[in-house]
Amino acid sequence: MIVTVYKNALETKQPYYVQVDVILDRIKNGKIKQQIDEIRNETDEAVRRDKKKMLPSIIFAGKFTERKDSAIEAHSGRCVLDFDHIANLPEKKAEIASNEFVYSVFISPSGDGLKVLVKIPPSIDNHRKHYKALLKRFPELDATSINISRVCFESYAPDIYINKNAVEFTDMKDLIDTTPDGRKLDTQVKKNYAKIQIAVQMIRNSVDGEKHNVLLIASLLMGGYIASVYVDYFEAKRIFEA
């Protein structure tokens, strides 16, 4: 169960490799507790984002030579899920942990979300299919994490949940969807999630008084990407609703 670690979110080509449980031990024991405390106590959202970028960044899906989907060498049998802006963290954590396929649950660096590791069959080819099935199981899930090279910031969570007896989540969902007008969208073709992030960041960075207009502009932009078969209609819709 080898995972890939980068010293921060800006690093993409100098990875090092550790066992997944080594990372979970670091999170439990607070290896970077001081950095996490600074982030959770910071009230300026822009400053918080900049501080998070300097945290160690983990690709839980396996061993990568660099931070991109095509650079994976071996799958770890793990898939990371993001649950953002949760009102009742203990209740949601318990709900998620009750699933027998959940390997670990821990609080996010920001302190208002949860990071979840799911045990799946170690297949590079089927990773996205398992994730799409998880989206059906958890409709509130952040759909952008479907990328096999998705990074997860290291956190601090002394009450981290770990289930070493977790069973594999074997459900899969086909990577072909249909838009409301009947067109089929093959998500094998639509791997440019950087385009989704452009629109997402537009919305996240908008300020009061501009949010409605920014959302309209971002929606038009995303519509163009969908029409060009760059991104998946349903994932784009789910992300925008979130």
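Conventions adopted
Residues numbered from 1 in each chain as written. Predicted model: local features only at pLDDT ≥ 70, side-chain atom pairs only at ≥ 80, totals over all residues. Heavy atoms only, no water. Helix = DSSP H or I, 4+ residues; strand = E, 2+ residues; numbered from the N terminus. Rg over C-alpha atoms; globule rule 2.2 N^0.38 Å. Buried < 20%, exposed > 50% of the residue type's maximum accessible area, 1.4 Å probe, protein only. Contact = heavy atoms within 4.5 Å. Areas by Shrake-Rupley, 256 points an atom, 1.4 Å probe, with all protein chains shown as cover. Lys, Arg positive; Asp, Glu negative; His and termini not counted. Charge placed at Lys NZ, Arg CZ, Asp CG, Glu CD. Core = buried A, V, L, I, M, F, W, Y, C linked by side-chain atoms within 4.5 Å. Pairing = 2+ DSSP bridges. Axes fitted to C-alpha atoms, helices over the stretch in contact; angles between N-to-C directions.

Asker: Before we go on, may I ask you to explain the overall build of the protein chain in this structure?
Answerer: Helix and strand counts for the protein chain come out as eight helices and 12 strands. Against the compact-globule benchmark of 18 Å for 242 residues, the protein chain has a radius of gyration of 18 Å, which places it among compact chains. Projecting the C-alpha coordinates of the protein chain onto the three principal axes gives extents of approximately 50 × 40 × 40 Å. Going through the 242 residues of the protein chain one by one, you find that 46% of them count as buried. Pairs at least 24 residues apart make up 69% of the contacts formed inside the protein chain by residues separated by at least 6 positions. Carbon and sulfur atoms make up 51% of the accessible area of the protein chain, which totals about 12100 Å². Distance from the positive charge centre (37 side chains) to the negative charge centre (34 side chains) of the protein chain: 3 Å.

Asker: When you look at the nonpolar core in this model, what are you seeing that I'm missing?
Answerer: What tends to happen in soluble globular proteins is that the nonpolar side chains get buried as a cluster. Residues Leu81, Phe83, Val116, Val118, Leu134 and Met222 are the most contacted members of the largest nonpolar core, which totals 33 residues. Broken down by secondary-structure element, the contributors of at least two residues to this core are strand E6 (78–83), helix H4 (89–97), strand E7 (102–107), strand E8 (114–119), helix H5 (127–137), helix H6 (193–204), helix H7 (211–227) and helix H8 (233–241). Once you skip the residues sitting within four places of it in the chain, Leu81 turns out to touch Leu114, Lys115, Val116, Val118, Tyr131, Leu134, Phe138 and Leu141. The next biggest cluster of nonpolar side chains, apart from the first, holds 17 residues, and it includes Val18, Ile23, Ile58 and Tyr103.

Asker: What should I look at first to understand the pairing of strand E1 (residues 2–6) in this one?
Answerer: Side chains on a regular strand alternate between the two faces of the sheet. Counting buried residues in E1 gives four out of five residues, a clear majority hidden from the surface. In the sheet, E1 pairs with strand E3 (residues 57–59) via three bridges, with the strands oriented antiparallel. In the strand pairing of E3, Thr4 is matched with Ile59.

Asker: Can you help me understand the sheet that holds E7 in this one?
Answerer: What links the strands of a sheet is backbone hydrogen bonding, and the strands pair in either a parallel or an antiparallel sense. If you walk across this open sheet you meet the four strands as E6-E8-E7-E10, and the pairing is antiparallel. With one partner strand each, in any of the chains shown, E6 and strand E10 (161–162) form the two edges of the open sheet. Where E6 lies against E8, six bridges are found, and the strand directions are antiparallel. Considered in E8, the bridge of Val80 is made with Leu117. On top of the sheet, helix H1 (residues 20–29) reaches E7, E8 and E10; it is set at about 30 degrees to E7, its chief contact.

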